[in-house]
Amino acid sequence: MLKSINFKAGRVAGGTEQVIPVSPITIIIGPNNSGKSTALYELPRIQFNQNKILMTNFDCLIDFESILFGQKNNFYSQKESFDGGAKRIILKSKNNEDIQWEVTYHPSVFDTQGMSDIMAAEKLMKSNGQLNNIINQQLKLLNSQERLTIISQQRIEILNNFPSSVFNKLHRDTAAYEKVREIIYTEFGNWPSLCFVIDNNANFELKFTSQKPPIDLEFLYKNDAQQFFKNAISISQMSDGVKSYTGMILSTYAGNEKLLLIDEPEAFLHPSLAQKLGKEFGKATKTELKQFICATHSPFFLMGCLQSGVEVTVIRLTYKEEVATARHLNSTDLKKLMTNPMLRSTGMLNGLFYENVVITEADSDRAFYEEINHRLVESGDPRGITNCLFLHVNGKTQIPQALKMMRDMGIPSAAIFDLDFIALDGSTRQESLEAANLPTIEKETISSKSTLLNNAFKVIPGNEKNKILKSKGIRALNSGEQEAANNLADSLQKYGIFLVRNGELESWLGSYKISDKKTAWLNAVFKRMGDDPNSESYQKPESGDVWDFIGNLKEWLENPKRLGMSE
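These figures come from a predicted structure and were not determined experimentally. (Residues numbered from 1 in each chain as written. Predicted model: local features only at pLDDT ≥ 70, side-chain atom pairs only at ≥ 80, totals over all residues. Heavy atoms only, no water.)

Undergrad: I tried to follow the overall build of the chain on my own but got confused; where do I start?
TA: Within the chain, the secondary structure is distributed over 21 helices and 22 strands. Within the chain, contacts between residues at least 6 apart in sequence are counted, and of these 66% link residues at least 24 apart. Of the roughly 26300 Å² that the chain leaves accessible, carbon and sulfur atoms contribute 47%. (Helix = DSSP H or I, 4+ residues; strand = E, 2+ residues; numbered from the N terminus. Contact = heavy atoms within 4.5 Å. Areas by Shrake-Rupley, 256 points an atom, 1.4 Å probe, with all protein chains shown as cover.)

Written out as structure tokens, the structure is:
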């Protein structure tokens, strides 16, 4: 249906506009105020002009054969003539009775001589504005309010009329009705049933029962049915999560529209249900030939879509200091985030929804740096990094892959290494420098300097297994070597690789004089820092030490001219 969207924003600040192809499922992500909902709400606001659908901020390229007629041989036509010479072409789908269009015209105004009915109808609709109405009939915007409206009482319609609501569609389509009921029952443990409500009007109402109603009671207004449904719970009494999920499932399997635009589909849903919804949308692209464009904040919903096995396009938007970017995320990289157990277990997918990401070696590193940053932000200190996700990737060797993925996706991402980065084997260190996009000459220079500095540590007595390097850091070197080491760290920092110049994680907050290692050190430090902001013993940000280290991270992350990001 929808083929592509032309974003006037580039991949990077100042980049040229780009056409991004869309898929059966297209996910729009990004930080708050990045334009996700704006993009979604612009899509229905269309005007036709010279074979292209134009919108205020986006250009939507439409495949007319697909959106209007599918495969042309799957349609048949019916012609009618009226007094005065007017004619009408009615097009009906051979495969889907819900798809029907008609065009009325006068031969003296529009010459269809030599055209097939389908060609004539297509040209007529383009020329007289009916195309807009048809396209709008094929798409539906589902915001949180619309999802609740869908499940409200609906008037019962005459059977020979085209069903205009989902309840009337389900009333006539037993297969769709059973499919919807099974999906909803699986999630909530109660059976949704359409019941007759007779007051001033004759309406359908959706109610839930603990037992599946006997088939002969469905849709009947008789004593047995009324007795069975007497204690049923109306959907109006259910939680917002049940209402929202049910509304989206009904639109998917009983709505007439083929393109669904959904703003925050995860709203009111717990994470596992959001993930299942993504999988359900994937199924519907095949069985119902639906197309979905969703704006979301949920990595769980995104994961479900990716796990469904259908093609998924992910577009990440940003908007900062009046500069917008739009980046089509590489599907291969996204699949790596899903399938690589090491990366998947660390929640890397969550990073797509933040403005900044900081990647650390281990979970203790992540927890410590995240807490330091939290206290900076909490106190209003300008060194604090807002909207930042701290991740760990289970060791130095995993950092290059994670760093490259995040940066390729346009997410400002910094990596923190202990000083033993200089002692890494050549391949691991090289991969880290490549992930940070250092120029070739710079990579060679840094690799050479790292080797020389590591050799300088090796000759220090007691440095077995880098013991001195880790405990004392650069301070253990002579003055000339210290200058070289600081220059090396400064060079790496320009590209978003931050070395702990004191040695390792446990070298921070040395005034606490905690000699424990690893997890024991972290627990002891957190205990000393305190957990009650109102207590006098609560550690607040100070100058120097790790507080300034986080400030340096912020300076790189928020610098629009930072080096090392992918174009």
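Text resumes after the structure shown.
Undergrad: What is the right way to look at the sheet that holds strand β15 (residues 259–263) in this model?
TA: Through backbone hydrogen bonds, the strands of a sheet pair up, either in parallel or in antiparallel fashion. The strand order across the open sheet formed by 6 strands is β10-β15-β16-β3-β17-β18, and the pairing between neighbours is mixed. Only two strands of the sheet have a single partner each, and these edge strands are β10 (139–142) and β18 (323–328). Between one strand axis and the next, the sheet turns by 15° as a mean value, whatever way the strands run. Relative to strand β17 (residues 312–320), strand β3 (residues 25–29) is paired through 5 bridges, and the arrangement is parallel. Bridging from a neighbouring strand, I27 pairs with V314 of β17. Against the sheet, helix α11 (residues 299–307) contacts β3, β16 (291–295) and β17, and its axis sits at roughly 155° relative to β3. (Pairing = 2+ DSSP bridges. Axes fitted to C-alpha atoms, helices over the stretch in contact; angles between N-to-C directions.)

Undergrad: Whenever I open this one, the nonpolar core confuses me. Can you help?
TA: One broad trend across soluble globular proteins is that nonpolar side chains are buried collectively. By size, the foremost hydrophobic cluster in this structure holds 91 residues, and its most contacted members are I27, L250, F281, L334 and L352. Looking at which element gives the most residues to this core, the answer is helix α9 (residues 240–254), with 7 residues. Aside from chain neighbours lying at most four places away, what touches L352 is I29, L302, R316, L329, L334, M406, M409 and I411. One finds Y369, W521, V546 and W547 within the second-largest nonpolar core, a separate group that totals 30 residues. (Core = buried A, V, L, I, M, F, W, Y, C linked by side-chain atoms within 4.5 Å. Buried < 20%, exposed > 50% of the residue type's maximum accessible area, 1.4 Å probe, protein only.)

Undergrad: What is the right way to look at the packing of aromatic side chains in this model?
TA: The description of an aromatic ring pair uses the distance of the two centres, along with the angle that the planes make with each other. Within this structure, the stated rule accounts for 10 aromatic pairs. An aromatic cluster is present here, built from F368, Y369, F498, W508, W521 and F549 joined pairwise through their rings. Here the basic side chain of R528 rests over the ring of Y512, its NZ or CZ set 4.4 Å away from the ring centre. (Phe/Tyr/Trp six-rings, centres within 6.5 Å; stacked < 30°, edge-to-face > 60°. Lys NZ or Arg CZ within 6 Å of the ring centre and 35° of its normal.)

Undergrad: I keep staring at unusual backbone geometry and nothing clicks. Help me out?
TA: Most peptide bonds adopt trans geometry, and most residues besides glycine take a negative phi value. Of note, the phi angle at E264 is positive, near 50°, even though the residue is not glycine. Along the chain, E264 turns up in the loop between β15 and α10 (271–287). The class of E264 is partly exposed, set by a relative accessible area of 31%.

Undergrad: Would you explain the pattern of salt bridges in this entry?
TA: Pairing between side chains becomes possible if they bear opposite charge and their charged atoms approach one another. Taken as a whole and assessed by the stated rule, the structure comprises 14 salt bridges. With its nearest N and O atoms 3.3 Å apart, the salt bridge here joins E146 to K140. Note on E146: relative accessible area 23%, which makes it partly exposed. Its relative accessible area of 22% is what places K140 among the partly exposed residues. (Salt bridge = Lys/Arg side-chain N within 4 Å of Asp/Glu carboxyl O.)

Undergrad: Would you mind showing me how to read helix α14 (residues 363–378) here?
TA: The end-to-end C-alpha distance of α14 is 22 Å, a good match for the 22 Å that 16 residues give at a rise of 1.5 Å each. For α14, the full list of buried residues reads S364, D365, R366, A367, F368, Y369, I372, N373, R375 and L376. In this structure, the buried residues of α14 make contact with β19 (356–360), β20 (388–392), β21 (413–418), β22 (497–500), α20 (518–529) and α21 (545–557). Just beyond α14, the residue with positive phi is G380, at close to 75°. (Expected span 1.5 Å × (residues − 1).)

Undergrad: What is the right way to look at the confidence of the model for the chain in this model?
TA: The predicted coordinates ought not to be read in detail in places where the model reports low pLDDT. On average, residues of the chain score 83 in pLDDT, and 82% of them are at 70 or above. pLDDT under 50 marks residues 47–72. Its contacts with residues more than four places away, or in other chains, come to 82 contacts. (pLDDT = per-residue confidence, 0-100.)

Undergrad: Is there a simple way to explain the side chain of E280 in this structure?
TA: Looking at where E280 falls in the secondary structure, it is placed in helix α10. Although E280 is buried, it forms no salt bridge, and the closest oppositely charged side chain is K283 at an N-O distance of 4.1 Å. When residues no more than four places from it in sequence are discounted, the contact partners of E280 are I183, I249 and Y253. (Lys, Arg positive; Asp, Glu negative; His and termini not counted.)

Undergrad: I would appreciate a short explanation of the sheet that holds β20 in the present structure.
TA: Here we have 4 strands laid out as an open sheet, ordered β20-β19-β21-β22, and parallel in their pairing. Only two strands of the sheet have a single neighbouring strand rather than two, namely β20 and β22. On average, each strand axis in the sheet is tilted by 20° relative to the strand beside it, whichever way the strands run. Relative to β20, β19 is paired through 5 bridges, and the arrangement is parallel. Each residue of the ladder has a partner; that of V357, found in β20, is L389. Seen against the sheet, α14 touches β19, β20, β21 and β22 and runs at an angle of roughly 160° to β20.

Undergrad: Got a minute to help me understand the environment of F188 in this structure?
TA: Structurally, F188 can be placed in helix α7 (residues 174–188). In sequence terms F188 and V242 are 54 residues apart; their C-alpha atoms lie 7.8 Å from each other. Each residue touching F188, except ones within four places of it in the same chain, is listed here: V242, Y245, T246 and L273.

Undergrad: Help me understand the packing of α14 against α20 in this model?
TA: The description of two packed helices rests on the angle between their axes and on the distance between the axes. Running from N to C, α14 and α20 cross one another at 15°; their axes reach a closest spacing of 10 Å. Taken as axis vectors, α14 and α20 run roughly parallel relative to one another. Judged by the sense of rotation from one axis to the other, the crossing of α14 with α20 is left-handed. Together, S364, A367, F368, E371, I372 and R375 of α14 and W521, L522, V525, F526 and M529 of α20 make up the contact between the two elements. Taken together, the residues that form the contact of α14 with α20 break down as 8 nonpolar, 1 polar and 2 charged. (Parallel < 35°, antiparallel > 145°, perpendicular 65-115°, else oblique. Left-handed = near helix turned anticlockwise from the far one by under 90°. Nonpolar A, V, L, I, M, F, W, Y, C, P; charged D, E, K, R; others polar.)

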